[in-house]
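Chain residues, written in single-letter form:
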Amino acid sequence: MSTTITLKGNEVHTIGALPSVGTKVKDFALVDSGLNVKTLETFEGKKKVFNIFPSIDTPTCAASSRKFNEEASKLDNTVVINVSKDLPFALGRFCAAEGLNNVETLSDFRSSFGDDYEVTITDSPLKGLLSRAVIVTDENNKVIYTEQVSEIANEPNYDAALTALNQ
């Protein structure tokens, strides 16, 4: 059961639907800019904001990374995890150039994260990349908020994601 979103008004599909509120997120093995593998256990006991996007080299993805980085420094016991299919080197370069120190920026270039979280795009010129989505969990990895951004070129609803952390 795919989810239909758009890219500049044209229909695009993902492999499925985001994890449901109240369920636990699946484990993952994502790679940081130092080629270290990070898993769900790496962030044990913390609230998590998964900021998922197609590529850091697009203006909207860069904007969402900057915004969540800015807001992350204000959050207690919370980690923002940026996830894309970009290579770890590109993600590291971007974060260094932008001074993004308050987020974890991880690559799904060799894992099943996109399929496990059902955000892999299955058609269009972006086939194989991740859709723009936000998943927020509590300290116990239970989903408390999700947003599958309906138009890939749009930014997510930051306020709704951040409000979910304070409920």
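Everything numeric here is computed off the predicted structure, so don't read it as measured data.

Describe the environment of Pro88, with residues and values.
Assignment of secondary structure puts Pro88 in helix H2 (residues 88–98). For Pro88 and Leu35, which are 53 residues apart along the polypeptide, the C-alpha to C-alpha distance reads 6.9 Å. With residues up to four places along the chain from it excluded, the contact list for Pro88 reads Val31, Asp32, Ser33, Leu35, Ser107 and Phe109.

Describe in detail the nonpolar core, supporting the description with residues and values.
Judged by nonpolar contacts, the single largest core of 19 residues is most densely connected at Phe50, Ile52 and Phe113. Elements supplying a minimum of two residues to this core: strand E5 (47–52), strand E6 (78–84) and strand E8 (133–137). In terms of residues, this core owes the most to one element, E6, which gives 3 residues. If near-sequence neighbours (up to four positions away) are discounted, Phe113 is found in contact with Phe28, Leu30, Phe50, Ile52, Val83, Asp108, Glu118, Val119 and Leu130. Residues Phe68, Val134, Val136 and Ala161 belong to the second largest nonpolar core, which totals 14 residues.

Tell me what's going on with the packing of aromatic side chains, and back it up with residues and numbers.
According to the stated counting rule, one finds 7 aromatic pairs in the structure shown. Members of the aromatic cluster, each reached through a chain of ring pairs, are Phe28, Phe43, Phe50, Phe113 and Tyr117.

So what about the pattern of salt bridges? Which residues, and what values?
Per the counting criterion, the structure on display carries 5 salt bridges. Ionic pairing is found between Lys38 and Asp32, a salt bridge with its closest N-O pair at 3.8 Å. Each member of the pair, Lys38 together with Asp32, is buried. Residue Lys67 is joined to Glu71 by a salt bridge in which the shortest nitrogen-to-oxygen separation is 3.4 Å. Separated by 4 residues within a single helix, Lys67 and Glu71 lie in helix H1 (residues 59–72), roughly one turn from each other. Since its relative accessible area comes to 28%, Lys67 is described here as partly exposed. According to the relative accessible area criterion, Glu71 is buried, its value standing at 14%. What you see here is one network of salt bridges that share partners, running through Asp32, Lys38 and Glu104.

The rules behind the values
- Residue numbers run consecutively from 1 along every chain, following the written order of its sequence.
- Selection of residues for local features in this predicted model requires a pLDDT of at least 70, selection of side-chain atom pairs for listing and counting requires 80 or more, and totals for whole chains, interfaces and linings are taken over all residues.
- Heavy atoms from the whole structure form the basis of all side-chain values; hydrogens and water molecules are not counted.
- Each helix corresponds to a stretch of at least 4 residues labelled H or I by DSSP, and each strand to a stretch of at least 2 residues labelled E; elements are numbered beginning at the N terminus.
- We call two residues in contact when some of their heavy atoms are within 4.5 Å.
- Only buried residues count toward a nonpolar core, which is a set of Ala, Val, Leu, Ile, Met, Phe, Trp, Tyr and Cys residues joined through side-chain atoms within 4.5 Å.
- Residue exposure (1.4 Å probe, protein chains only): buried if accessible area is under 20% of the type maximum, exposed if over 50%, otherwise partly exposed.
- Stacked, tilted and edge-to-face are the three classes applied to pairs of Phe, Tyr and Trp rings, where Trp contributes its six-membered ring and a pair requires centres within 6.5 Å; stacked means planes under 30 degrees apart, edge-to-face means over 60, and tilted covers the rest.
- Here a salt bridge means any side-chain nitrogen of Lys or Arg lying within 4 Å of a carboxyl oxygen belonging to Asp or Glu.

Treat this as a map of the structure, not an account of what it does.
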